[in-house]
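Coordinates in review
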Amino acid sequence: MKHTHGEGVLFVALLAAFSACADPANRTVGLSASNNERSEPTPSSAIEERVALSKIARLVAVAMDNEPARQHLKRDMRSAPFHEHKLELAPYLRSKDGKALLDRMVKSSGGSETELLGTLSSIRRLEFYMPVAKHRESWTGNSDVLVVSQLDESEPIVTFDESGREVNLDRNVAPEQPTLSIVPVETRFD
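In this text, all values refer to a predicted model and were calculated from it rather than measured experimentally.

Our next topic: the overall build of the chain. The secondary structure content of the chain amounts to seven helices and six strands. Listing each helix as α and each strand as β along the chain from the N terminus yields α-α-α-β-α-α-α-β-α-β-β-β-β. Across the 190 residues in the chain, those meeting the buried criterion constitute 47%. Relative to all contacts within the chain whose residues are 6 or more apart in sequence, the contacts with residues 24 or more apart total 73%. Here the chain has roughly 9,800 Å² of accessible surface; of this, 52% comes from carbon and sulfur atoms.

And the structure:
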């Protein structure tokens with residue numbers, strides 16, 4: 001399959017978005033119990049955080065098999081007032097607007113809402129969006145969407161499709177499918 005220069009530019013934009021989100025100067029991480037300041041995770045907690053993020057990303061991807069959840073998400077992202085129509089993941093899932101997505105994630109997890117939100121709270125603050133403008137503009141809310149996640153630039157990008165299968169992305173080829181990204185917060189949501 002032949003790819004155009006434009007697709008390469010889109011993929012570079014996607015990778016640049018991941019890199020920017022992983023910039024240590026912009027990164028926020030777990031709360032320190034003593035003074036509510038952000039602190040760097042320990043190596044063992046960093047591994048646990050990556051595992052938790054992969055679990056959340058997989059559950060979001062599997063939740064994309066549900067038409068109402070996708071349509072709510074599409075509407076909410078398009079109406080988000082932030083650059084690239086970003087949503088802060090945890091507050092969104094806890095909101096009335098994110099209820100359809102949260103319910104699908106809970107159902108797919110086989111656990112409870114409390115357990116799922118506990119997993120989410122073990123991860124630094126996350127934002128959720130489509131980093132590629134073409135994807136944001138053209139996604140009609142269909143189920144053929146990928147969910148990618150990454151905590152740090154040095155780590156591989158973890159990708160899931162709507163069936164929950166891990167997908168390998170070729171860093172040199174832009175994904176044709178709309179791609180939702182879950183990465184550490186860099187946006188000021190206040």
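The topology assignment puts alanine 52 in helix α2 (residues 43-63). Given a relative accessible area of 8%, alanine 52 falls into the buried group. C-alpha separation for the pair alanine 52 and threonine 119, spaced 67 residues apart in sequence, amounts to 6.0 Å. Every residue in contact with alanine 52, bar those within four places of it in the chain, is listed here: Thr119, Ser122 and Ile123.

This part is about the pattern of salt bridges. On inspection of all chains with the given rule, the structure shows 16 salt bridges. A salt bridge links arginine 104 to aspartate 65; its shortest N-O distance comes to 3.1 Å. Here aspartate 65 lies in the loop between α2 and α3 (67-79) and arginine 104 lies in helix α5 (residues 99-109), a separation of 39 residues in the sequence. Note that arginine 75 is salt-bridged to aspartate 97, the shortest N-O span being 3.9 Å. Here the residue arginine 75 occupies a position in helix α3, and aspartate 97 occupies one in the loop between α4 (89-94) and α5, the gap between them amounting to 22 residues.

Take the sheet that holds strand β3 (residues 146-149) next. Read across the sheet, six strands follow the order β1-β2-β6-β3-β4-β5 without closing on themselves; strand pairing throughout is mixed. The open sheet is flanked by β1 (87-88) and β5 (166-167), the only strands paired with a single partner. With two bridges connecting them, β1 and strand β2 (residues 126-129) associate as antiparallel partners. Bridge pairing links glutamate 88 to glutamate 127 in β2.

With that settled, consider unusual backbone geometry. One non-glycine residue, glutamate 84, lies in the positive phi region at around 60 degrees. When you line up the elements, glutamate 84 lands in the loop between α3 and β1. The phi torsion at histidine 85 lies on the positive side, around 55 degrees, for a residue other than glycine. Residue placement: histidine 85 occurs in the loop between α3 and β1. Given a relative accessible area of 31%, histidine 85 falls into the partly exposed group.

Moving on: the pairing of strand β6 (residues 179-184). Most of β6 sits out of view: six of its six residues are buried. Sheet topology places β2 next to β6; four bridges connect them, and they run antiparallel. In the sheet register, glutamate 127 faces β6, and the bridge partner there is valine 183.

We now examine α5. Buried within α5 are the following residues: Ala100, Leu101, Leu102, Met105 and Val106. Phi for glycine 110, located one or two positions after α5, is positive at around 75 degrees.

Take the packing of α3 against α5 next. Packed helix pairs are specified by the crossing angle of their axes together with the interaxial distance, meaning the distance between the axes. Direction vectors running N to C along α3 and α5 enclose 140 degrees, while the axes themselves pass 8 Å from each other. Classified by the interaxial angle, the pair formed by α3 and α5 is oblique. Of the two possible hands of crossing, α3 and α5 adopt the one that is left-handed. In contact with Pro68, Ala69 and His72 of α3, α5 contributes Ala100, Leu101 and Arg104. Classifying every residue of the contact of α3 with α5 gives four nonpolar, one polar and one charged.

Criteria and thresholds
Position numbers for residues start from 1 in each chain and track the written sequence from start to end. Where local features are concerned, this predicted model is filtered to residues with pLDDT of at least 70; where side-chain atom pairs are given and counted, the filter is 80 or more; whole-chain, interface and lining totals use all residues. Note that the side-chain values use all heavy atoms of the structure and ignore hydrogens as well as water. Secondary structure is summarised from DSSP: a helix means a run of H or I of at least four residues, a strand means a run of E of at least two, and numbering begins at the N terminus for each. Accessible area is worked out with a 1.4 Å probe on protein chains only. A residue is then buried under 20% of its type maximum, exposed over 50%, and partly exposed in between. A contact between two residues is defined here by any heavy atoms of the two lying within 4.5 Å. For every accessible area listed, the method is Shrake-Rupley and the probe measures 1.4 Å; residues are considered covered only by the protein chains on display. Just to be clear on terms, a salt bridge is a Lys or Arg side-chain nitrogen sitting within 4 Å of an Asp or Glu carboxyl oxygen. When DSSP locates at least two bridges between a pair of strands, those strands are taken to pair. Fitted lines through C-alpha atoms give the axes, limited to the stretch in contact for helices. The angle between two N-to-C directions lies from 0 to 180 degrees. Here roughly perpendicular refers to angles of 65 to 115 degrees, roughly parallel to angles under 35, roughly antiparallel to angles over 145, and oblique to all remaining angles. The handedness criterion is simple: a crossing whose near helix is rotated anticlockwise from the far helix by less than a right angle is left-handed, and one whose near helix is rotated clockwise is right-handed. Lys, Arg, Asp and Glu make up the charged group, whereas Ala, Val, Leu, Ile, Met, Phe, Trp, Tyr, Cys and Pro make up the nonpolar group; the residues left over, Gly among them, are polar.

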